[in-house]
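Single-letter residue listing:
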Amino acid sequence: MSSDTERGLCCFVPYKFLNTLANRLRADEARPSNMWDAIKHLEAVAFVPSRQRYTDAGKLAKQIAENAYESGVSQAALERLLNILTKTNHLDQGTITTLVKNLYPLDRVPSKFVTQVVCCLGPTKNKPSPATQVLLLRWLILVYDNMEDRSHLSKLYAALFNYLDMISLRKYLCHLLSFTTRRKHVKPFRIQALMEFIATSGGDDRELVTLLRVFKNYCPDVIMGDAGRKGLFFKHPDPEWTTHVRQLQETNLERLQTTQSSSFQVVHRGPVKRSKMEVIVPDVQTSRVAYNRTSLEELRGVDHFIERLEKIELPNQIISTIGDRLAQKYLFLAQPEVANRRLDDWLRSFLSDQLEYARDFDDEGVETLGYVLTLAVSYVRYIKDIPEAFISFLRSYLPLWNGSDNREQILELLEYLSLDNFDSVRNDFLLPLEAALLGDSVSSKAILLDFYTALIRQWGVTLRTRPFDPKNSQPLGRLIPHVEILALSILESPTHQPLESDDLKHNTSTIVEFYSTLADLFSYASTNGNIRLTIPLAPTVYGLVFTPVNSIISIMSFVLASYKSSFEASLTSDVLQSLNSTDNLYPTQLVGQFNGYIMDICNLLWRNRALNSDDQNALGCLIPPPTINTLTQFIRHTNENSRKRNSDAAFSYPITSAFSLSHHPALCNMSASCFADIERENNIRETQPRLSKPVTQKALNALESKGGIKMTWKDYRVQMLDWLDATGSNGIGILMRSAMKALRKE
């Protein structure tokens, strides 16, 4: 008997043990590996009574909280978590508290989530517990600055206000309502309700008193009585929480910028990327909005903006408009005198302090000034004018400036200097700027040249919008020669170190960019008398043409072709003839000198008559005859030595073809590639002879006689221009086709 009992016990104990072990194994198998799995498991167990589930919801919540703290909660994950938290569930309060306190939004919080939270408030059994509702209200306050549309709370104002009779929610409801309240929300029945709540609480509910004070701001007739002395300022529920949100969202800032709201909406930075300097210029926020008027924050599109343009209330701090695109549009279009005066007063006060820092050589204000200047650049680019406060500041600051602090912002501001009084601009701004920037390095000159290029571009835009006046062309006429000398000094500056080779290419590109800007500006000269053509300095033109860089030669050729087209259009322009004589605009000597540039380049690249000054208008690249003779003797001596070393492989060329399409250092390799492509396209077999020397008329004839490809010298050059066009170097072809009559006929 006892043995049977023992056997029965032996059978029973293993069964219980295996059952428990199986449950634990199922729980272990279900243990999630990431946040999404944890949320999925939580959704499955949240609505199951604790006694009927094997998964520990507390551990799931802890894992979700850890992941949320480290990487934030995406919108999709936040939606699924709110679906759990805003419904009646079987999670214990500790688990819910852990989840809510770790809902760190990685993106802006959509309006539907706000509505979902507000709709879960209330005393009914189908709503979450009062403690959960308090946590969710607190969370709304924490994410207020991160809502996609903060004005959406205004639509829910009535619902929020009606829950004030719930004492458990009253503290955070008053906080939320205090910065949601606008003039349209202040109604007599709400004032009466607030006063009744205060009376019921014995006047000790300071949150209600503070909310009533907000109402009084919009309705001064409200009598606070003794209760008004018991108000308070609502404190931030958890500054550390929002600091952590900021850190999480900084990593997501680029994506936020790509999905940024319309330019006809106020952009709220919220806690994202707000450095110590950014608190100087706050977000646009309007606390007091009169009846039938609109704040900038409430505008939601261009139609709404236009409709309410004359009924927009100015924000609390006018300086907030300088960095907001919508506010910039409003200031520019409406031109409110009060706003302009307030903005000018703020800027003068701030810039005066920065000027004192500069005079004391104090670096304390450098970062602060840089941030405000960055916002000012955005503002100035929109209005195309520098506010007088910045003009006065820069006039005093530039003589003290070290040339490096906030250089980018200062140069971008100065691009919009007025051209009305050139002497004043030169003495007050340009000369101090050059003194601060220019040094021994070529890069400092290149930086200055980039600035002058941008300044000339802006002045050109301004001149095109003005009616004709002979005085209008004088500022540009005086500035351009000065800048051309600067460009020439960059081109002639020697490089003493091999490491500067890349810098040299960049500096040369800066010069070409400057002349490209002039070419674009001068393309309007034939229809606008305010713009008068000038010609580049001869050393600059020839120095760039002799540069061993194909892109530089191509762009400069395009620039000269554009100049040529502008000259031809201006000399036959009916508009200019009606304003003045074209002879007075462009003297014959000036036109002749420019034609000399064109002829010299054609002689170099196309006609194999380099450095020739016998042709009409040709200047021989202004190289003296003794120098040409010396170069000729050097090339002849080089040819002879080459023949002595290897008579079969050697080839000779005269100085007249040394800079042709086949021999120019920047084009010789491209010429070889072009001819190789021509042979390939003509199916030249490997057994047939191929050209292994630079392409010349003599070499083509010799190749044909040996059984190679048959091609004339003229056909090769035309195909070479087409090949250059196909590779993107079309400037040479444009100039040749513009200047050579034979090519124009074709």
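This is a predicted model, so every value here is computed, not measured.

(A) Inspection of the side chain of His 663 at higher detail. Positionally, His 663 belongs in the loop between α30 (625-645) and α31 (668-681). Within the local environment of His 663, its side chain forms a polar contact with the backbone oxygen of Ser 657, the two atoms lying 3.3 Å apart. A polar atom in the side chain of His 663 sits 3.1 Å from the side chain of Ser 660. Other than its neighbours up to four places away in sequence, His 663 contacts Tyr 653, Ser 657, Ala 658, Cys 668, Pro 694, Val 695 and Thr 696.

(B) Seen up close, helix α32 (residues 697-705). Along α32, the residues classified as buried are Ala 699, Leu 700 and Leu 703. In an axial view of α32, the angular spread of the buried residues amounts to 100°, which keeps them on one side of the axis. Away from the buried face of α32 by more than 90 degrees, exposed residues Lys 698 and Ser 705 are located. Where α32 is buried, its residues meet α31 and α33 (713-726). Within two residues after α32, Gly 707 carries a phi angle of roughly 100°, on the positive side.

(C) Looking closely at the packing of helix α3 (residues 57-71) against helix α5 (residues 93-100). Packing of α3 against α5 brings their axes to within 9 Å, and their N-to-C directions diverge by 10°. For the element pair α3 / α5, the angle class is roughly parallel. Between α3, through Ala 57, Gly 58, Ala 61, Ile 64 and Ala 65, and α5, the contact on the second element is made entirely by Thr 95, Thr 98 and Leu 99. The class makeup of the residues in the contact of α3 with α5 is five nonpolar, three polar and no charged.

(D) Seen up close, the packing of helix α18 (residues 366-383) against helix α20 (residues 407-414). Where α18 meets α20, the closest approach of the two axes is 9 Å, and the angle between their N-to-C directions is 25°. Between α18 and α20, the angle falls in the class roughly parallel. The hand of the α18/α20 crossing is left-handed. Packed against α18, whose contacting residues are Gly 370, Leu 373, Thr 374, Ala 376, Val 377, Val 380 and Arg 381, the element α20 presents Gln 409, Ile 410, Glu 412 and Leu 413 at the interface. By residue class, the composition of the contact of α18 with α20 is six nonpolar, three polar and two charged.

(E) Region of interest: the pattern of salt bridges. All chains considered together, the criterion is met by 21 salt bridges. For Glu 43, the salt bridge identified is with Arg 80, shortest N-O distance 2.7 Å. Note that Glu 43 is positioned in helix α2 (residues 35-45) and Arg 80 in helix α4 (residues 75-85), a separation of 37 residues in sequence. What makes Glu 43 partly exposed here is its relative accessible area of 27%. Assessed through its relative accessible area of 26%, Arg 80 is described here as partly exposed. Residue Arg 426 is joined to Asp 423 by a salt bridge in which the shortest nitrogen-to-oxygen separation is 3.5 Å.

Definitions and limits used
- Residues numbered from 1 in each chain as written.
- Predicted model: local features only at pLDDT ≥ 70, side-chain atom pairs only at ≥ 80, totals over all residues.
- Heavy atoms only, no water.
- Helix = DSSP H or I, 4+ residues; strand = E, 2+ residues; numbered from the N terminus.
- Polar contact = N/O pair within 3.5 Å; in protein donor to acceptor, adjacent residues only side chain to side chain.
- Contact = heavy atoms within 4.5 Å.
- Buried < 20%, exposed > 50% of the residue type's maximum accessible area, 1.4 Å probe, protein only.
- Arc of directions from axis to C-beta.
- Axes fitted to C-alpha atoms, helices over the stretch in contact; angles between N-to-C directions.
- Parallel < 35°, antiparallel > 145°, perpendicular 65-115°, else oblique.
- Nonpolar A, V, L, I, M, F, W, Y, C, P; charged D, E, K, R; others polar.
- Left-handed = near helix turned anticlockwise from the far one by under 90°.
- Salt bridge = Lys/Arg side-chain N within 4 Å of Asp/Glu carboxyl O.

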